[in-house]
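So the chains spell out like this:
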Amino acid sequence: MRICNRFLSAALLGSAFIGATIAAAQQTADSQPQQTTQQPAPDATPTAQPSQPIATAPAPTDSAVPQAPQSAPAAVAPAQQPAPAPVAVATAAPATTAAPATMDQVVNLFIEREHGLIKMLSNRTPVVETYLQNLENDPQLGPIPSQDHYFLGRMDMGETVDRKDYLKEQQKGMQTRLLGGFAKLYKVQYQPLGFSWMVYADRTDFDREHYEFHYIRREFLGDVRCLVFDVTPKKGSGRGRFLGRVWVEDQDYNIVRLNGTYYPAPRNSYFFHMDSWRLNLIPGYWVPSYIYSEEGDFSAGVKNKTAFKAQTRIWGYDLKKGDKDDELTQIRVDSVKDESPTAQDASPLQAEREWQQQAEDNVVERLTRAGLLAPEGDVDHILQTVVNNLEVTNNIDLPRPVRTRVLLTAPLETFSVGNTIVISRGLIDVLPDEASLAAVLSHELAHIVLGHNLGSKFAFNDRMLFSDDSTYQNLGFKHIPEEEQAADKKAVDLLKNSPYAQKLDNVGLFLKALQARATQLNALLTTHLGNPLTEGGTVNRLTALETQGPALDNTKLDQIAALPLGGRVKVNPWDDKAEMVKTAPVAITSARDKMPFEVTPFYPRLARYGANIAPNAAPTTAANTPSGN
Ligand SMILES: [Zn+2]
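These remarks concern the structure in this document. (Residues numbered from 1 in each chain as written. Predicted model: local features only at pLDDT ≥ 70, side-chain atom pairs only at ≥ 80, totals over all residues. Heavy atoms only, no water.)

**Re the coordination of the zinc ion**
Only H443 (NE2), H447 (NE2) and E484 (OE) from the protein reach the zinc ion as donors, at distances of 2.0 to 2.1 Å. Read in sequence order, the donor residues for the zinc ion give the motif H-x3-H-x36-E. In this pair, H443 sits in helix α12 (residues 434-449) while E484 sits in helix α14 (residues 481-496), placing the two residues 41 residues apart along the sequence. (Donors = N, O, S within 2.8 Å, 3.2 Å for Na, K, Ca; no water. Helix = DSSP H or I, 4+ residues; strand = E, 2+ residues; numbered from the N terminus.)

Structure representation (structure tokens):
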């Protein structure tokens, strides 16, 4: 498994990660014959229950295995659900297995399923993002960010680590020891792959020879009933083995969550603690999606300089894998549709607009293919509603409609190309309300209205010919300061003439909260495609509104100036679709609950594939957008 530093070079990351874990350097378990997964699809399973009724579940005991359906329902499910990626999935779909009678058999099943998952994902190269906040203790607010780091890359799920490469890296005198940890030398060195290492418990040796498995109890994670096992490495099984707990769903016996660390750590290295979650995004498989890491302790008397918390998100599993040569030969750019009613020649102005449209389409298509933009979806409906509110009340009538798209990454940024406004997932997450969303969108709308179009050079298709990992070097939509100021001025005019005019106090509060954390959150505020919201630790976006509204006051529990990351938008790691998170409001009971711009643990509500596919609730009105609490 390997990570390329793509898109950007991360702050502390001198070079790519070094080497591999001991585990990864050994032979892969994939070479073992796996007869059961080769079995043909079940011949007669029409009567199989798709899911086990929860109400009739037997009472949990430590010795008995819960009643399992007679045949593995996942083998049936693909026929009932449209499989999004039948190619790789079908070949490795779980075979029908008899219901396990003992916990020993359950262990055998989930070991086998884990190997099946590793095999199924072996040709995938998902996007991996880690955002990390170092912490310092604040008497009032508890642990707060003191600085931050950001990594973005593509992870090759299939590559077994080449021992020769590993040694070669060692010979270069590199100092780092293991992927899972960081070297405690002169400064902490975060290894981006370390944070994504817990996609699997053990890439190569997850078996009974290397581990002991102890059944603990049954437990629901979301809608999914799980069997919980403690996993400990056997004596003498080597360094860097998984030590912790796994949750195994009780239908197909896939691991859905891993929590723990690796043990023992090599000299001068250190393994993070991690909580790793998987989602049932395709039939029969639970795909690694979120990993939360945390170290440090702020209880009395403890001094720990390495305190941090970090979120790792994985998405883009369904992206085309492609090496650089592939990229160049496979590129395909859709041409602009000719929508004119009769064959007419384009006027110079029409030609100009066609040209800009072509550039815009090229960029949107290219960013989507690189796994950076979500496909058009529900979140866009909300964004477009807000944009529309601004347009209608300001009598803006553009020749082409304004579109919106979600940038899938965490750093807070917006940009526009042609008539498409792009806003990052992280920025949508932290905005406290619809007025603040309108404010950040109004800046980009102002660029469009003022004709500040930067993208037209991308109408030349040769400019789209670059590898995914160099996207950030090849695309950029930063305006000159004069255009930024003009857009801000226009944006304030638009806002004051909009349904949000009476709510600009909230925008002022958000900008104050941003200012309060601007110097600590340099990585979160470093943009990669658009203009930054801050410059040198000072907010420089919509500054005219910064004085608006009350003073920032952490002790006022009803004053929510900015939200934690991750609370608004969730991304489907398989197909990159973005949707709004549906959460019930939770009462804030202390200033420590506010956590503006902060990283929090993941706790996704687990559900089986297909269980959540409800008819579209069509949240197309702005009423469904962020509201204050
Ligand atoms: Zn701008």
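That covers the picture; the talk isn't over yet.
**Regarding the nonpolar core**
Membership of the largest hydrophobic core comes to 145 residues, with the highest contact counts inside it found for F110, F229 and F597. Apart from the residues within four sequence positions on either side, F229 is in contact with M103, V106, V107, F110, H214, Y215, I216, G244, R245, V246 and V248. (Core = buried A, V, L, I, M, F, W, Y, C linked by side-chain atoms within 4.5 Å. Buried < 20%, exposed > 50% of the residue type's maximum accessible area, 1.4 Å probe, protein only. Contact = heavy atoms within 4.5 Å.)

**A word on the pairing of strand β2 (residues 127-138)**
β2 sits mainly inside the fold: 10 of its 12 residues count as buried. Sheet analysis places β2 next to strand β3 (residues 142-156), joined by 12 bridges and oriented antiparallel. When the sheet's bridge partners are listed, N137 is paired in β3 with P143. What sits between β2 and β3 in their antiparallel hairpin is a turn of 3 residues. Note that β2 and strand β10 (residues 308-315) share 8 bridges and pair antiparallel. Within β10, the residue paired with L132 across the bridge is A310. (Pairing = 2+ DSSP bridges.)

**A word on the sheet that holds strand β13 (residues 420-424)**
Ordered in space as β11-β13-β12, the 3 strands form an open sheet in which the pairing is mixed. Each having just a single partner strand, β11 (403-407) and β12 (414-417) make up the two edges of the open sheet. With strand direction ignored, the average angle separating the axes of adjacent strands in the sheet is 25°. For β12 and β13, the ladder comprises 4 bridges, and the chain directions are antiparallel. Bridge pairing in β13 links V417 to T420. In the packing of helix α9 (residues 348-369) onto the sheet, the strands contacted are β11, β12 and β13, and the crossing angle to β11 comes to about 25°. Each of β11 and β13 touches helix α10 (residues 378-393); the most contacted strand, β11, lies at about 130° to it. (Axes fitted to C-alpha atoms, helices over the stretch in contact; angles between N-to-C directions.)

**Re the packing of aromatic side chains**
This structure, assessed with the given rule, holds 16 aromatic pairs. A centroid spacing of 5.5 Å and a plane angle of 90° characterise the contact between F206 and F213, whose relative ring orientation is edge-to-face. By the burial criterion, F206 is buried, and F213 matches it. One aromatic cluster in this structure is built from F110, F206, Y211, F213, Y215 and F229. The ring of W247 carries the charged tip of R257 above its face, separated from the ring centre by 4.3 Å. (Phe/Tyr/Trp six-rings, centres within 6.5 Å; stacked < 30°, edge-to-face > 60°. Lys NZ or Arg CZ within 6 Å of the ring centre and 35° of its normal.)

**Brief notes about the pattern of salt bridges**
One pass over the structure, following the stated rule, counts 22 salt bridges. In this structure, K309 and E598 form a salt bridge, with 3.3 Å as the shortest nitrogen-oxygen distance. Taken together, the positions of K309 in strand β10 and E598 in the segment after β17 (578-580) put the pair 289 residues apart, joining distant regions of the chain. In this pair, the class of K309 matches that of E598, namely buried. With a shortest N-O distance of 3.0 Å, E598 and R517 are connected by a salt bridge. Of this pair, E598 sits in the segment after β17 while R517 sits in helix α15 (residues 504-517), and the two are 81 residues apart along the sequence. Judged on exposure class, the residue E598 and its partner R517 are both buried. Each of the salt bridges in this network shares a partner with another, and the network as a whole consists of R225, E249, D250 and R608. (Salt bridge = Lys/Arg side-chain N within 4 Å of Asp/Glu carboxyl O.)

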